[in-house]
Amino acid sequence: MDNGERIAAGVGAAMAVLLQVVVAPHIALFAAVPNFMLAYALVIAVTRAQSCGLVMPFVLGLLFDLIGGGPVGACALLLVLATFLLSRASALVDNGTLFMPLAMLLVSSLAVELLYGVLLMACGMDVSPLQALVYRGLPCALYDAVIGLVMFPLVVRFVVRRGTQQPGTPTIL
Amino acid sequence: MALNFQDRGSASATRVLLVVLVVVSIACMTVYAREGAGGPLHAVQSAFAGAAAPFKAAGTAVGAAGEGAAEAMADATASEETLTALRERNAELTELVTQAEEYRLEAERLSGLLELKSKYQVDGVSGRVIGRSTDAWNQRVTIDVGTSDGVEPGLTVMGPAGVVGQVVSASPGSAEVRLLTDPQSGAAAVVQSSRAEGVVRGSLAGLLYLENVDADVTLSVGDVVLTSGLGGSYTRGLLIGTIVRVDGNANDGTRRVIVSPNEQATSFEEVIVVKSAAADSASGSSGGGSGDAGSGSGGSASSSSSSAGSAGSAAGNGGGGQ
């Protein structure tokens, strides 16, 4: 990732945080609040499969935890793991079509939302797993995937500059 | 070859970073779960919530603008002829009527709050809702009064129709209120007619459940549910809601009781943070603990009745929850 991409990715992350605080609470559908930070981190992982960093998802997850009311570290942990695995999977199975990244986006957002529910339950939230799945996990994952779908072309257009680096060069950020 | 070596180096650095970040995240979660509500991570979270409050307030304005845009879109799709004929004549009047209606509704809400305040002889501070939860798993609102107005964690919050939640964190200019409908909420409650005690808990479905009620107590639809004040979590004697559904009969261990919540998170804009109420001061109880349903320390029920004791302790043992 060159400097220009880093700056663009940073600006995108800042916008995701701002959208989460300012816009997300007002576009909730049936109690499902979209997670812009999760969607952005996952889209970056899919589009920058070879050079996706871990610090940005960690910071985004930590901010999500600190601004929201969940246990601090839960979203950070899941975002770090999800982006790491997603970038590896994306590098392996990306066949150049749009379907594959979108399918991975949907699956990973579902996995993150469900695991987040599991972590909340482990931290003392007294709800049944079925309730967590039906009332939060599934609707939120679908909403996140839609947000990711909207973000995908924007990230490709403004953040990713294909061909500016040698393929297969991993970076930290 | 050199490139491969560099790749391997970067790849291993990434793996090391992954391990470090995972360990840090898990350590944060562990500390957060074990520390009390006054712990350092809770304090940092509270500070961040305070810092985010102005942005949330801006979001409320954005939300209102969005509603206006939606209305404008609806107007734009109406017949152009009709719109042209009506637009000029009605533009000013519409604006005035809208403004007057807004003032009327606000006055209605505020008068409802004042009525409630005088009915329960509540000593408290009123505030406006300026933000709502940024995530789906917590049902909270941000209000525009904080520690500089005497608001502190543990105080009960009332809407125009009764109790809506409890302050969980406060900064000088704002406070976070966990709603009763949050799955991590738990309020010690009493059914007004039968004096049966229990705990009202929220759920992800947005419903309130009355739990831990003695099996031999008969409950009926329409029974009024009040805060009991046990455990010191919520101020005593305030309206929570009414029973709207009872699945099962008395002596049925699996009986499920649903209480209608006073307000939905999206429906109230003004609240009163209760510092004390007449019923509360009469009993000598005060809102000080946290009503988390999660585990933690602090709060105790001082009742000779076993069910009352368990209800109070279950609702008032918070402090260490989210």
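Since this is a predicted model, take the numbers as computed values, not measurements.

### Notes on the overall build of chain A
Regarding its fold elements, chain A presents 6 helices and 0 strands. If you list the helices and strands of chain A from N to C, you get α-α-α-α-α-α. Looking at chain A residue by residue over its 173 residues, the buried ones come to 55%. Sequence separation of at least 24 residues holds for 73% of the intrachain contacts in chain A that already meet a minimum separation of 6. Of the roughly 7,100 Å² of accessible surface on chain A, a fraction of 76% belongs to carbon and sulfur atoms.

### Examining the overall build of chain B
What chain B contains, in helices and strands, is 5 helices and 12 strands. Here chain B, with 322 residues, has 48% of them falling under the buried criterion. A separation of at least 24 residues holds for 61% of the contacts in chain B among residues at least 6 apart in sequence. Summed over all atoms, the accessible surface of chain B reaches about 14,900 Å², with 57% contributed by carbon and sulfur.

### Digging into the confidence of the model for chain B
All names here are of chain B. Residues with a pLDDT of 70 or more make up 74% of chain B, whose mean pLDDT is 75. Per-residue pLDDT, averaged within each element of chain B, yields its smallest value for helix 5 (residues 306-316) (43) and its largest for strand 5 (residues 175-179) (92). Taken as a whole, residues 1-6 scores under 50 in pLDDT and shows 1 contact with residues more than four places along the chain or in a different chain. pLDDT under 50 marks residues 282-322. Its contacts with residues more than four places away, or in other chains, come to 110 contacts. For this predicted complex, the interface confidence score (ipTM) comes to 0.84, while the overall pTM stands at 0.72.

### Describing the packing of aromatic side chains
All names here are of chain A. Scanning all chains against the criterion turns up 2 aromatic pairs over all chains. On the basis of an interplanar angle of 75° and a centroid distance of 6.1 Å, the ring pair of Phe-64 and Tyr-116 is categorised as edge-to-face. One end of the pair, Phe-64, is in helix 3 (residues 55-67); the other, Tyr-116, is in helix 5 (residues 99-122), and 52 residues separate them in sequence. The exposure class of Tyr-116 is buried, given its relative accessible area of 4%.

### Re the interface of chain A and chain B
Listed as interface residues are 51 residues of chain A and, on the opposing side, 46 residues of chain B. Carbon and sulfur atoms supply 71% of the area that chain A and chain B bury against each other, a total of about 4,300 Å² over both sides. Of all residues in chain A, Leu-66, Val-72 and Arg-136 of chain A give up the largest surface area on contact with chain B, accounting jointly for 14% of the area buried on that side. At the boundary of chain A with chain B, the tally comes to 0 salt bridges. Where chain A meets chain B, there are 8 residue pairs in polar contact (both at pLDDT 80 or more). For the side of chain A that touches chain B, the elements supplying multiple residues, two or more each, are helix 1 (3-22), helix 3, helix 4 (74-93), helix 5 and helix 6 (129-158) of chain A. Residues that form the side of chain A that touches chain B fall into these classes: 33 nonpolar, 14 polar and 4 charged.

### Structural notes on the sheet that holds strand 1 (residues 123-132) of chain B
Residue and element names in this part refer to chain B. The strand order around the closed barrel formed by 6 strands is 1-2-5-4-3-12, and the pairing between neighbours is antiparallel. Sheet twist, expressed as the mean angle between neighbouring strand axes with direction ignored, is 45°. Pairing geometry for strand 4 (residues 162-170) and strand 5, over 5 bridges, is antiparallel. Within strand 5, the position partnered with Ser-169 by the bridge is Glu-176.

### Things to note about the sheet that holds strand 10 (residues 239-247) of chain B
Around the barrel, which closes on itself, the 6 strands sit in the order 6-7-8-11-10-9 (chain B) with antiparallel pairing between neighbours. The average angle at which neighbouring strand axes cross in this sheet is 40°, direction not considered.

### Things to note about the nonpolar core
With 63 residues, the main nonpolar core has Tyr-40, Leu-60 and Tyr-116 of chain A together with Trp-137 of chain B as its most contacted residues. Elements with a minimum of two residues in this core: helix 1, helix 2 (36-47), helix 3, helix 4, helix 5 and helix 6 of chain A together with helix 1 (2-34) of chain B. Ranked by residues supplied to this core, first place goes to helix 2 of chain A with 11 residues. Not counting residues within four places of it along the chain, the set of residues in contact with Tyr-40 of chain A comprises Ala-8, Ala-9, Gly-12, Ala-13, Ala-16, Met-56, Leu-60, Met-151, Val-155 and Val-159 of chain A. Ranked by size, the runner-up nonpolar core spans 29 residues in total, among them Tyr-120, Ala-189, Leu-208 and Ile-240 of chain B.

### Digging into the packing of helix 2 of chain A against helix 6 of chain A
Residues and elements named next belong to chain A. Close contact between helix 2 and helix 6 brings their axes to 9 Å; oriented N to C, the two are set at 50°. As judged from the angle between their axes, helix 2 and helix 6 are oblique. As for how helix 2 packs across helix 6, the hand of that crossing is right-handed. Where helix 2 approaches helix 6, its residues Phe-36, Leu-38, Ala-39, Tyr-40, Val-43, Ile-44, Val-46 and Thr-47 are matched on the opposing element by Asp-144, Ile-147, Gly-148, Met-151, Phe-152, Val-155 and Val-156.

Definitions and cut-offs
- Residues numbered from 1 in each chain as written.
- Chains lettered and ligands numbered in written order.
- Predicted model: local features only at pLDDT ≥ 70, side-chain atom pairs only at ≥ 80, totals over all residues.
- Heavy atoms only, no water.
- Helix = DSSP H or I, 4+ residues; strand = E, 2+ residues; numbered from the N terminus.
- Buried < 20%, exposed > 50% of the residue type's maximum accessible area, 1.4 Å probe, protein only.
- Contact = heavy atoms within 4.5 Å.
- Areas by Shrake-Rupley, 256 points an atom, 1.4 Å probe, with all protein chains shown as cover.
- pLDDT = per-residue confidence, 0-100.
- Phe/Tyr/Trp six-rings, centres within 6.5 Å; stacked < 30°, edge-to-face > 60°.
- Buried area = accessible area lost by both parts, 1.4 Å probe.
- Salt bridge = Lys/Arg side-chain N within 4 Å of Asp/Glu carboxyl O.
- Polar contact = N/O pair within 3.5 Å; in protein donor to acceptor, adjacent residues only side chain to side chain.
- Nonpolar A, V, L, I, M, F, W, Y, C, P; charged D, E, K, R; others polar.
- Pairing = 2+ DSSP bridges.
- Axes fitted to C-alpha atoms, helices over the stretch in contact; angles between N-to-C directions.
- Core = buried A, V, L, I, M, F, W, Y, C linked by side-chain atoms within 4.5 Å.
- Parallel < 35°, antiparallel > 145°, perpendicular 65-115°, else oblique.
- Left-handed = near helix turned anticlockwise from the far one by under 90°.

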